[in-house]
Amino acid sequence: MRAVVLVPQLKQQRDHREATATAPLRSMEAKLEEAKGLALAIDLTVTQGLIVPVSQPRPATLFGTGKIEEIGHLLDETDAGLVIVDHPLTPVQQRNLEKQWNSKVIDRTGLILEIFGRRASTKEGTLQVDLAHLNYQKGRLVRSWTHLERQRGGAGFMGGPGETQIEADRRLLQDRIVRLERELEQVVRTRQLHRAKRRKVPHPIVALVGYTNAGKSTLFNRITGAGVLAEDMLFATLDPTLRRMKLPHGRTVILSDTVGFISDLPTHLVAAFRATLEEVLEADLVLHVRDMSDPDNAAQAGDVMRILGDLGIDEKVAEERIIEVWNKVDRLEPEAHDAIMQKAEGRANVRAVSALTGEGVDALMDDVSVRLSGVLTETTIVLSVDQLPLLSWVYDNAIVDGREDREDGSVALDIRLSGEQGAALERKLGLGAKTQSEDWER
Ligand SMILES: Nc1nc2c(ncn2[C@@H]2O[C@H](COP(=O)(O)OP(=O)(O)OP(=O)(O)O)[C@@H](O)[C@H]2O)c(=O)[nH]1
Ligand SMILES: [Mg+2]
(Lines give C-alpha, C1' and ligand atoms only; values in the text may rest on other atoms or scores of the structure.)
(Ligands and ions follow the chains in the order given, each with its own letter.)
Protein backbone atom coordinates (compact mmCIF):
# COMPACT_ATOMS: atom_id res chain seq x y z
CA MET A 1 0.00 0.00 0.00
CA ARG A 2 1.15 3.54 -0.72
CA ALA A 3 1.45 5.81 2.29
CA VAL A 4 2.35 9.38 3.18
CA VAL A 5 4.22 9.99 6.44
CA LEU A 6 3.63 13.21 8.38
CA VAL A 7 5.71 14.36 11.35
CA PRO A 8 3.92 17.23 13.11
CA GLN A 9 6.28 19.77 14.61
CA LEU A 10 4.47 21.53 17.42
CA LYS A 11 5.39 25.08 18.30
CA GLN A 12 6.42 24.35 21.92
CA GLN A 13 8.70 21.69 20.58
CA ARG A 14 10.47 24.18 18.34
CA ASP A 15 10.89 26.72 21.11
CA HIS A 16 12.10 24.06 23.46
CA ARG A 17 14.65 22.96 20.94
CA GLU A 18 16.07 26.39 20.56
CA ALA A 19 16.23 26.79 24.32
CA THR A 20 18.27 23.66 24.88
CA ALA A 21 20.33 23.43 21.74
CA THR A 22 22.97 21.22 23.34
CA ALA A 23 20.62 18.62 24.84
CA PRO A 24 20.33 15.44 22.80
CA LEU A 25 16.87 16.26 21.51
CA ARG A 26 15.80 14.45 18.41
CA SER A 27 16.08 16.35 15.21
CA MET A 28 12.92 16.51 13.14
CA GLU A 29 14.74 14.87 10.26
CA ALA A 30 15.68 11.93 12.47
CA LYS A 31 12.06 11.62 13.57
CA LEU A 32 10.96 11.59 9.97
CA GLU A 33 13.52 8.94 9.04
CA GLU A 34 12.39 6.79 11.94
CA ALA A 35 8.71 7.18 11.05
CA LYS A 36 9.47 6.13 7.48
CA GLY A 37 11.38 3.17 8.86
CA LEU A 38 8.34 2.13 10.87
CA ALA A 39 6.20 2.29 7.74
CA LEU A 40 8.70 0.17 5.81
CA ALA A 41 8.60 -2.40 8.59
CA ILE A 42 5.13 -3.40 7.42
CA ASP A 43 5.96 -3.20 3.75
CA LEU A 44 4.27 0.10 3.02
CA THR A 45 5.56 2.14 0.11
CA VAL A 46 6.27 5.62 1.42
CA THR A 47 5.53 8.04 -1.41
CA GLN A 48 6.28 11.15 0.60
CA GLY A 49 7.51 12.14 4.05
CA LEU A 50 6.82 15.60 5.42
CA ILE A 51 7.61 17.62 8.52
CA VAL A 52 4.49 19.68 9.15
CA PRO A 53 4.78 22.76 11.39
CA VAL A 54 1.75 23.10 13.66
CA SER A 55 1.55 26.49 15.32
CA GLN A 56 -1.69 25.82 17.16
CA PRO A 57 -2.87 22.22 17.48
CA ARG A 58 -6.58 22.00 16.63
CA PRO A 59 -8.56 19.73 18.94
CA ALA A 60 -10.70 18.55 16.02
CA THR A 61 -8.05 17.95 13.37
CA LEU A 62 -4.60 18.69 14.86
CA PHE A 63 -3.57 20.46 11.63
CA GLY A 64 -5.00 23.77 10.41
CA THR A 65 -7.34 24.04 7.42
CA GLY A 66 -4.71 25.25 4.98
CA LYS A 67 -2.34 22.40 5.81
CA ILE A 68 -5.13 19.86 5.55
CA GLU A 69 -5.99 21.07 2.08
CA GLU A 70 -2.36 21.08 1.00
CA ILE A 71 -1.86 17.52 2.21
CA GLY A 72 -5.14 16.54 0.53
CA HIS A 73 -3.73 17.62 -2.83
CA LEU A 74 -0.55 15.74 -2.15
CA LEU A 75 -2.55 12.59 -1.47
CA ASP A 76 -4.34 12.93 -4.78
CA GLU A 77 -1.08 13.45 -6.63
CA THR A 78 0.75 10.51 -5.10
CA ASP A 79 -2.28 8.23 -5.06
CA ALA A 80 -1.67 7.21 -1.44
CA GLY A 81 -4.39 5.43 0.50
CA LEU A 82 -2.90 5.78 3.96
CA VAL A 83 -1.62 8.66 6.05
CA ILE A 84 0.68 7.98 9.00
CA VAL A 85 0.78 10.75 11.59
CA ASP A 86 3.83 10.43 13.83
CA HIS A 87 2.07 11.86 16.84
CA PRO A 88 -0.75 10.71 19.12
CA LEU A 89 -4.13 11.43 17.52
CA THR A 90 -7.38 11.54 19.45
CA PRO A 91 -10.09 9.35 17.94
CA VAL A 92 -11.95 12.49 16.93
CA GLN A 93 -8.92 13.87 15.11
CA GLN A 94 -8.38 10.56 13.40
CA ARG A 95 -11.99 10.36 12.20
CA ASN A 96 -12.09 13.94 11.00
CA LEU A 97 -8.82 13.63 9.09
CA GLU A 98 -9.99 10.40 7.48
CA LYS A 99 -13.14 12.16 6.30
CA GLN A 100 -11.33 15.19 4.95
CA TRP A 101 -8.65 13.25 3.13
CA ASN A 102 -10.85 10.36 2.16
CA SER A 103 -8.04 8.07 3.23
CA LYS A 104 -7.15 5.84 6.14
CA VAL A 105 -5.23 7.57 8.93
CA ILE A 106 -3.19 5.96 11.74
CA ASP A 107 -1.00 7.42 14.43
CA ARG A 108 2.37 6.29 15.78
CA THR A 109 0.98 3.92 18.40
CA GLY A 110 -1.40 2.39 15.87
CA LEU A 111 1.50 1.78 13.52
CA ILE A 112 3.73 0.22 16.20
CA LEU A 113 0.87 -2.04 17.25
CA GLU A 114 0.42 -3.07 13.64
CA ILE A 115 4.11 -3.99 13.36
CA PHE A 116 4.07 -5.92 16.62
CA GLY A 117 0.95 -7.73 15.48
CA ARG A 118 2.71 -8.97 12.37
CA ARG A 119 5.92 -9.97 14.17
CA ALA A 120 4.44 -11.89 17.07
CA SER A 121 5.13 -15.57 16.59
CA THR A 122 5.03 -17.16 20.01
CA LYS A 123 1.93 -17.58 22.13
CA GLU A 124 3.26 -15.11 24.65
CA GLY A 125 4.11 -12.56 21.99
CA THR A 126 0.67 -12.80 20.42
CA LEU A 127 -1.09 -12.48 23.75
CA GLN A 128 0.98 -9.45 24.67
CA VAL A 129 0.24 -7.70 21.40
CA ASP A 130 -3.49 -8.50 21.59
CA LEU A 131 -3.58 -7.13 25.09
CA ALA A 132 -1.81 -3.93 24.09
CA HIS A 133 -4.24 -3.57 21.18
CA LEU A 134 -7.31 -3.94 23.37
CA ASN A 135 -6.00 -1.46 25.90
CA TYR A 136 -5.36 0.98 23.08
CA GLN A 137 -8.88 0.53 21.76
CA LYS A 138 -10.37 0.85 25.20
CA GLY A 139 -8.59 4.12 25.84
CA ARG A 140 -9.91 5.50 22.59
CA LEU A 141 -13.42 4.24 23.13
CA VAL A 142 -13.67 5.92 26.51
CA ARG A 143 -12.28 9.20 25.38
CA SER A 144 -14.25 9.51 22.20
CA TRP A 145 -17.61 8.71 23.71
CA THR A 146 -17.65 10.37 27.10
CA HIS A 147 -19.51 13.41 25.83
CA LEU A 148 -22.24 11.25 24.31
CA GLU A 149 -22.65 9.35 27.50
CA ARG A 150 -23.09 12.49 29.44
CA GLN A 151 -25.82 13.61 27.06
CA ARG A 152 -27.76 10.44 27.46
CA GLY A 153 -27.47 10.43 31.21
CA GLY A 154 -26.26 7.63 33.44
CA ALA A 155 -27.78 4.23 33.04
CA GLY A 156 -27.22 3.11 36.61
CA PHE A 157 -24.03 1.54 37.77
CA MET A 158 -25.35 -1.98 37.41
CA GLY A 159 -25.81 -1.57 33.69
CA GLY A 160 -28.59 -3.87 32.55
CA PRO A 161 -31.30 -3.05 30.01
CA GLY A 162 -30.73 0.71 30.07
CA GLU A 163 -27.04 0.62 29.42
CA THR A 164 -25.70 2.51 26.46
CA GLN A 165 -24.06 0.85 23.51
CA ILE A 166 -20.75 2.28 24.49
CA GLU A 167 -20.88 0.82 27.95
CA ALA A 168 -21.67 -2.53 26.43
CA ASP A 169 -18.75 -2.19 24.07
CA ARG A 170 -16.47 -1.17 26.84
CA ARG A 171 -17.60 -4.06 28.98
CA LEU A 172 -17.00 -6.43 26.11
CA LEU A 173 -13.50 -5.09 25.68
CA GLN A 174 -12.86 -5.26 29.40
CA ASP A 175 -14.01 -8.89 29.48
CA ARG A 176 -11.63 -9.76 26.71
CA ILE A 177 -8.82 -7.90 28.42
CA VAL A 178 -9.36 -9.82 31.65
CA ARG A 179 -9.47 -13.10 29.76
CA LEU A 180 -6.27 -12.29 27.91
CA GLU A 181 -4.53 -11.19 31.09
CA ARG A 182 -5.42 -14.50 32.68
CA GLU A 183 -4.17 -16.45 29.73
CA LEU A 184 -0.96 -14.44 29.64
CA GLU A 185 -0.46 -15.01 33.35
CA GLN A 186 -0.63 -18.73 32.72
CA VAL A 187 1.93 -18.55 29.94
CA VAL A 188 4.18 -16.38 32.08
CA ARG A 189 3.91 -18.78 34.99
CA THR A 190 5.01 -21.64 32.77
CA ARG A 191 7.92 -19.52 31.61
CA GLN A 192 8.86 -18.70 35.17
CA LEU A 193 8.95 -22.38 35.93
CA HIS A 194 11.29 -22.86 33.03
CA ARG A 195 13.33 -19.97 34.23
CA ALA A 196 13.54 -21.32 37.77
CA LYS A 197 14.71 -24.59 36.31
CA ARG A 198 17.21 -22.74 34.20
CA ARG A 199 18.41 -20.84 37.24
CA LYS A 200 19.49 -24.14 38.71
CA VAL A 201 21.75 -24.54 35.75
CA PRO A 202 24.59 -22.48 37.12
CA HIS A 203 24.92 -19.99 34.31
CA PRO A 204 24.71 -16.22 34.64
CA ILE A 205 22.34 -14.40 32.27
CA VAL A 206 23.57 -11.66 29.94
CA ALA A 207 20.81 -9.63 28.26
CA LEU A 208 21.06 -7.48 25.15
CA VAL A 209 18.95 -4.32 25.13
CA GLY A 210 18.89 -1.25 22.95
CA TYR A 211 17.01 0.93 20.54
CA THR A 212 15.38 -0.85 17.64
CA ASN A 213 17.81 -1.51 14.76
CA ALA A 214 20.87 -0.86 16.97
CA GLY A 215 22.33 -4.24 16.04
CA LYS A 216 21.38 -6.46 18.98
CA SER A 217 20.54 -9.52 16.91
CA THR A 218 23.64 -9.07 14.76
CA LEU A 219 25.81 -8.99 17.88
CA PHE A 220 23.90 -11.94 19.30
CA ASN A 221 24.59 -13.93 16.14
CA ARG A 222 28.23 -12.89 16.05
CA ILE A 223 28.77 -13.99 19.65
CA THR A 224 26.75 -17.18 19.64
CA GLY A 225 26.86 -18.18 16.00
CA ALA A 226 23.07 -18.46 16.07
CA GLY A 227 20.91 -17.61 13.11
CA VAL A 228 18.55 -15.04 14.60
CA LEU A 229 16.79 -12.78 12.11
CA ALA A 230 18.81 -9.58 11.86
CA GLU A 231 17.56 -7.09 9.34
CA ASP A 232 17.65 -3.43 8.51
CA MET A 233 14.10 -3.17 9.69
CA LEU A 234 12.58 -1.71 12.83
CA PHE A 235 11.37 -4.31 15.31
CA ALA A 236 12.80 -7.29 13.47
CA THR A 237 12.91 -9.08 16.81
CA LEU A 238 9.84 -9.38 18.96
CA ASP A 239 10.12 -12.59 20.90
CA PRO A 240 13.10 -13.16 23.17
CA THR A 241 15.70 -15.69 22.13
CA LEU A 242 18.12 -17.41 24.49
CA ARG A 243 21.36 -19.24 23.77
CA ARG A 244 24.01 -20.82 25.87
CA MET A 245 27.58 -19.84 25.08
CA LYS A 246 31.11 -20.11 26.42
CA LEU A 247 33.13 -17.07 27.47
CA PRO A 248 36.89 -16.78 26.76
CA HIS A 249 37.87 -18.15 30.18
CA GLY A 250 35.61 -21.12 29.89
CA ARG A 251 32.59 -19.93 31.78
CA THR A 252 29.21 -20.67 30.30
CA VAL A 253 26.59 -17.91 30.21
CA ILE A 254 23.12 -17.52 28.77
CA LEU A 255 22.71 -14.69 26.29
CA SER A 256 19.27 -13.23 25.62
CA ASP A 257 18.16 -11.12 22.65
CA THR A 258 15.00 -9.08 23.12
CA VAL A 259 12.56 -6.65 21.52
CA GLY A 260 14.06 -3.26 20.72
CA PHE A 261 12.94 -0.03 22.37
CA ILE A 262 11.66 3.08 20.66
CA SER A 263 10.89 6.62 21.78
CA ASP A 264 7.35 7.55 22.80
CA LEU A 265 6.52 3.94 23.46
CA PRO A 266 3.07 4.13 25.05
CA THR A 267 3.03 2.92 28.65
CA HIS A 268 0.46 0.24 28.02
CA LEU A 269 2.68 -1.21 25.33
CA VAL A 270 5.65 -1.40 27.66
CA ALA A 271 3.34 -2.88 30.29
CA ALA A 272 2.13 -5.54 27.89
CA PHE A 273 5.72 -6.58 27.22
CA ARG A 274 6.68 -6.64 30.84
CA ALA A 275 6.73 -10.40 31.00
CA THR A 276 9.17 -10.58 28.12
CA LEU A 277 11.34 -7.87 29.57
CA GLU A 278 11.51 -9.55 32.96
CA GLU A 279 14.37 -11.53 31.52
CA VAL A 280 16.29 -8.27 31.38
CA LEU A 281 15.45 -7.40 34.97
CA GLU A 282 16.86 -10.69 36.16
CA ALA A 283 19.99 -10.52 34.07
CA ASP A 284 23.34 -10.52 35.84
CA LEU A 285 24.73 -8.25 33.15
CA VAL A 286 23.02 -6.03 30.58
CA LEU A 287 24.66 -5.04 27.31
CA HIS A 288 23.15 -1.78 26.07
CA VAL A 289 23.78 -1.77 22.32
CA ARG A 290 23.95 1.66 20.64
CA ASP A 291 24.15 2.47 16.94
CA MET A 292 26.95 5.04 16.98
CA SER A 293 26.54 5.70 13.27
CA ASP A 294 23.06 7.13 13.90
CA PRO A 295 23.29 10.88 14.53
CA ASP A 296 20.36 10.47 16.86
CA ASN A 297 21.97 7.85 19.08
CA ALA A 298 22.32 10.01 22.20
CA ALA A 299 18.58 10.65 22.30
CA GLN A 300 17.96 6.97 21.64
CA ALA A 301 20.20 5.96 24.53
CA GLY A 302 18.25 8.35 26.75
CA ASP A 303 15.01 6.64 25.73
CA VAL A 304 16.41 3.20 26.46
CA MET A 305 17.60 4.23 29.92
CA ARG A 306 14.22 5.80 30.64
CA ILE A 307 12.39 2.62 29.69
CA LEU A 308 14.81 0.52 31.74
CA GLY A 309 14.08 2.88 34.62
CA ASP A 310 10.33 2.35 34.12
CA LEU A 311 10.97 -1.36 34.29
CA GLY A 312 12.67 -0.94 37.61
CA ILE A 313 16.37 -0.87 36.81
CA ASP A 314 17.46 2.28 38.58
CA GLU A 315 20.57 4.18 37.75
CA LYS A 316 22.74 2.90 40.55
CA VAL A 317 22.04 -0.71 39.69
CA ALA A 318 22.50 0.27 36.08
CA GLU A 319 26.05 1.42 36.66
CA GLU A 320 27.04 -1.91 38.09
CA ARG A 321 25.16 -4.06 35.68
CA ILE A 322 25.26 -2.32 32.31
CA ILE A 323 28.01 -2.27 29.71
CA GLU A 324 27.40 0.18 26.88
CA VAL A 325 28.26 -1.37 23.55
CA TRP A 326 29.01 1.30 20.97
CA ASN A 327 28.17 -0.57 17.80
CA LYS A 328 28.56 -0.04 14.06
CA VAL A 329 31.93 1.72 14.36
CA ASP A 330 32.77 0.34 10.91
CA ARG A 331 30.29 2.82 9.45
CA LEU A 332 32.16 5.84 10.80
CA GLU A 333 34.68 7.91 8.88
CA PRO A 334 38.29 7.08 9.92
CA GLU A 335 38.66 10.13 12.16
CA ALA A 336 35.32 9.68 13.87
CA HIS A 337 36.11 5.99 14.23
CA ASP A 338 39.40 6.66 16.00
CA ALA A 339 37.85 9.31 18.20
CA ILE A 340 35.10 6.94 19.30
CA MET A 341 37.52 4.09 19.98
CA GLN A 342 39.63 6.39 22.11
CA LYS A 343 36.66 7.75 24.00
CA ALA A 344 35.47 4.22 24.72
CA GLU A 345 38.91 3.23 26.00
CA GLY A 346 38.71 5.95 28.57
CA ARG A 347 35.41 4.72 29.98
CA ALA A 348 35.18 1.68 32.19
CA ASN A 349 31.63 0.76 31.20
CA VAL A 350 31.97 1.21 27.48
CA ARG A 351 33.22 -0.98 24.63
CA ALA A 352 33.26 0.07 20.99
CA VAL A 353 32.60 -2.71 18.50
CA SER A 354 31.36 -3.62 15.09
CA ALA A 355 28.99 -6.54 15.27
CA LEU A 356 29.29 -6.77 11.51
CA THR A 357 33.08 -7.03 11.13
CA GLY A 358 33.79 -8.39 14.60
CA GLU A 359 36.10 -5.54 15.56
CA GLY A 360 36.26 -5.14 19.33
CA VAL A 361 33.99 -8.09 20.03
CA ASP A 362 36.69 -10.24 21.63
CA ALA A 363 37.62 -7.41 23.97
CA LEU A 364 33.95 -7.04 24.84
CA MET A 365 33.70 -10.72 25.68
CA ASP A 366 36.78 -10.46 27.89
CA ASP A 367 35.05 -7.62 29.68
CA VAL A 368 31.90 -9.64 30.16
CA SER A 369 34.00 -12.46 31.53
CA VAL A 370 35.74 -10.21 34.05
CA ARG A 371 32.51 -8.55 35.08
CA LEU A 372 30.89 -11.87 35.79
CA SER A 373 33.85 -13.34 37.64
CA GLY A 374 32.46 -11.99 40.89
CA VAL A 375 29.07 -13.59 40.34
CA LEU A 376 28.78 -16.84 42.25
CA THR A 377 26.62 -19.55 40.82
CA GLU A 378 24.80 -22.28 42.70
CA THR A 379 24.90 -25.85 41.68
CA THR A 380 24.68 -29.39 42.97
CA ILE A 381 27.40 -31.89 42.19
CA VAL A 382 27.58 -35.59 42.91
CA LEU A 383 31.02 -37.09 43.50
CA SER A 384 31.18 -40.80 42.86
CA VAL A 385 33.34 -42.98 45.09
CA ASP A 386 36.37 -42.73 42.84
CA GLN A 387 36.00 -38.93 42.68
CA LEU A 388 36.06 -38.52 46.47
CA PRO A 389 39.69 -37.35 46.49
CA LEU A 390 38.28 -34.12 44.98
CA LEU A 391 36.28 -33.44 48.15
CA SER A 392 39.06 -31.47 49.82
CA TRP A 393 39.50 -29.34 46.67
CA VAL A 394 35.80 -28.53 46.70
CA TYR A 395 35.84 -27.57 50.39
CA ASP A 396 38.91 -25.40 49.81
CA ASN A 397 37.60 -23.62 46.73
CA ALA A 398 33.80 -23.46 46.83
CA ILE A 399 31.26 -22.51 49.45
CA VAL A 400 29.50 -25.69 50.52
CA ASP A 401 25.87 -25.13 51.53
CA GLY A 402 24.77 -28.72 51.95
CA ARG A 403 26.08 -32.27 51.92
CA GLU A 404 24.44 -35.64 51.60
CA ASP A 405 26.43 -38.83 52.05
CA ARG A 406 24.62 -41.46 50.05
CA GLU A 407 24.36 -45.18 50.71
CA ASP A 408 26.35 -46.11 47.65
CA GLY A 409 29.29 -44.12 48.99
CA SER A 410 28.83 -41.14 46.67
CA VAL A 411 28.48 -37.61 48.04
CA ALA A 412 26.06 -34.93 46.83
CA LEU A 413 27.07 -31.33 47.53
CA ASP A 414 25.15 -28.06 47.17
CA ILE A 415 27.84 -25.54 46.35
CA ARG A 416 28.39 -21.95 45.25
CA LEU A 417 31.43 -21.05 43.19
CA SER A 418 32.86 -18.46 40.83
CA GLY A 419 33.10 -18.90 37.11
CA GLU A 420 36.78 -19.66 37.21
CA GLN A 421 36.36 -22.22 39.97
CA GLY A 422 33.45 -23.70 38.04
CA ALA A 423 35.58 -24.12 34.95
CA ALA A 424 38.38 -25.66 37.03
CA LEU A 425 35.97 -28.08 38.67
CA GLU A 426 34.52 -29.01 35.33
CA ARG A 427 38.03 -29.86 34.12
CA LYS A 428 38.76 -31.92 37.21
CA LEU A 429 35.53 -33.83 36.95
CA GLY A 430 35.82 -34.38 33.24
CA LEU A 431 33.09 -33.79 30.74
CA GLY A 432 30.99 -36.70 32.02
CA ALA A 433 30.05 -34.68 35.08
CA LYS A 434 27.50 -32.48 33.35
CA THR A 435 24.48 -33.16 35.51
CA GLN A 436 21.93 -30.64 34.42
CA SER A 437 19.59 -31.13 31.53
CA GLU A 438 19.81 -28.40 28.99
CA ASP A 439 16.46 -28.73 27.33
CA TRP A 440 15.45 -25.16 28.05
CA GLU A 441 17.19 -23.75 25.03
CA ARG A 442 14.92 -22.30 22.41
N1 LIG B 1 27.60 -1.54 9.27
C2 LIG B 1 27.11 -2.21 10.31
N3 LIG B 1 25.84 -2.62 10.29
C4 LIG B 1 25.36 -3.28 11.37
C5 LIG B 1 26.16 -3.56 12.51
N6 LIG B 1 25.40 -4.22 13.41
C7 LIG B 1 24.19 -4.35 12.84
N8 LIG B 1 24.14 -3.80 11.61
C9 LIG B 1 23.00 -3.74 10.69
O10 LIG B 1 21.95 -3.02 11.32
C11 LIG B 1 20.69 -3.56 10.96
C12 LIG B 1 19.88 -3.91 12.19
O13 LIG B 1 20.50 -4.96 12.87
P14 LIG B 1 19.73 -5.94 13.87
O15 LIG B 1 20.78 -6.81 14.48
O16 LIG B 1 18.57 -6.56 13.22
O17 LIG B 1 19.22 -4.87 14.95
P18 LIG B 1 18.34 -5.14 16.25
O19 LIG B 1 18.88 -4.24 17.31
O20 LIG B 1 18.27 -6.59 16.57
O21 LIG B 1 16.93 -4.59 15.77
P22 LIG B 1 15.43 -4.97 16.22
O23 LIG B 1 15.35 -6.44 16.44
O24 LIG B 1 14.64 -4.49 15.07
O25 LIG B 1 15.16 -4.18 17.46
C26 LIG B 1 21.00 -4.75 10.06
O27 LIG B 1 20.89 -4.33 8.73
C28 LIG B 1 22.43 -5.10 10.41
O29 LIG B 1 23.11 -5.71 9.35
C30 LIG B 1 27.53 -3.11 12.49
O31 LIG B 1 28.31 -3.28 13.42
N32 LIG B 1 27.93 -2.43 11.36
MG1 LIG C 1 16.73 -7.86 16.68
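Structure's up top.
Values in this document were obtained by computation on a predicted structure and should not be read as measured data.

(A) Main features of the pairing of strand 12 (residues 399–405). Bridge count between strand 12 and strand 13 (residues 411–417): six bridges; the pairing is antiparallel. When the sheet's bridge partners are listed, R403 is paired in strand 13 with L413. A loop of five residues connects strand 12 with strand 13, the two strands running antiparallel in sequence, and G409 in this loop sits at a positive phi of about 95°.

(B) View of the packing of helix 8 (residues 216–224) against helix 14 (residues 361–372). The N-to-C vectors of helix 8 and helix 14 enclose an angle of 80°; their axes lie 11 Å apart at closest approach. One way to sum up the angle between helix 8 and helix 14 is to call them roughly perpendicular. Contacts between helix 8 and helix 14 involve L219, R222 and I223 on the former and, on the latter, V361, L364 and M365. Grouping the amino acids of the contact of helix 8 with helix 14 by side-chain chemistry returns five nonpolar, no polar and one charged.

(C) Broad picture of the sheet that holds strand 11 (residues 377–383). The antiparallel open sheet is built from three strands, whose spatial order is 11-13-12. Two strands in the sheet have a free side with no partner beyond their single neighbour: strand 11 and strand 12. Going from strand to strand, the sheet's axes swing by 15° on average, the running direction of each strand aside. Along the sheet face, helix 16 (residues 419–429) touches strand 11 and strand 13 and points at about 150° away from the line of strand 13.

(D) Molecular detail of the packing of helix 2 (residues 28–40) against helix 5 (residues 108–119). Where helix 2 meets helix 5, the axes come as close as 9 Å, and the angle between the chain directions of the two elements is 40°. By the angle class used here, helix 2 and helix 5 are oblique. Here the hand of the crossing between helix 2 and helix 5 comes out left-handed. The residues of helix 5 that touch helix 2, namely those facing E34, A35, L38 and A39, are R108, L111, I112 and I115. Of the residues assigned to the contact of helix 2 with helix 5, the class counts are six nonpolar, no polar and two charged.

(E) Structural detail: the environment of T90. Along the chain, the position of T90 falls in the loop between strand 3 (82–85) and helix 4 (91–101). The contacts of T90, once residues within four sequence positions are left out, are P59 and R140.

(F) Representation of the pattern of salt bridges. Within this structure, the stated rule accounts for 14 salt bridges. The salt bridge involving E185 is made with R189; its shortest N-O contact spans 3.5 Å. Residue E185 and its partner R189 are located together in helix 7 (residues 165–200), separated by four residues, close to a single helical turn. Owing to a relative accessible area of 43%, R189 belongs among the partly exposed residues under this scheme.

(G) Just the sheet that holds strand 4 (residues 104–107), in detail. Pairing within the open sheet is parallel, and its four strands lie in the order 2-1-3-4. Only two strands of the sheet have a single neighbouring strand rather than two, namely strand 2 (45–54) and strand 4. Direction aside, the axes of adjacent strands within the sheet are offset by 20° on average. When strand 1 (residues 2–10) meets strand 2, the two strands line up parallel, connected through nine bridges. Across the sheet, the residue bridging to V4 is Q48, located in strand 2. Contacting strand 1, strand 2 and strand 3, helix 2 runs over the sheet at an angle of about 150° to strand 1. The sheet contacts of helix 3 (residues 65–78) involve strand 1, strand 2 and strand 3, and relative to strand 2 the element is tilted by about 170°.

About the cut-offs
Residues numbered from 1 in each chain as written. Chains lettered and ligands numbered in written order. Predicted model: local features only at pLDDT ≥ 70, side-chain atom pairs only at ≥ 80, totals over all residues. Heavy atoms only, no water. Pairing = 2+ DSSP bridges. Helix = DSSP H or I, 4+ residues; strand = E, 2+ residues; numbered from the N terminus. Axes fitted to C-alpha atoms, helices over the stretch in contact; angles between N-to-C directions. Parallel < 35°, antiparallel > 145°, perpendicular 65-115°, else oblique. Contact = heavy atoms within 4.5 Å. Nonpolar A, V, L, I, M, F, W, Y, C, P; charged D, E, K, R; others polar. Left-handed = near helix turned anticlockwise from the far one by under 90°. Salt bridge = Lys/Arg side-chain N within 4 Å of Asp/Glu carboxyl O. Buried < 20%, exposed > 50% of the residue type's maximum accessible area, 1.4 Å probe, protein only.

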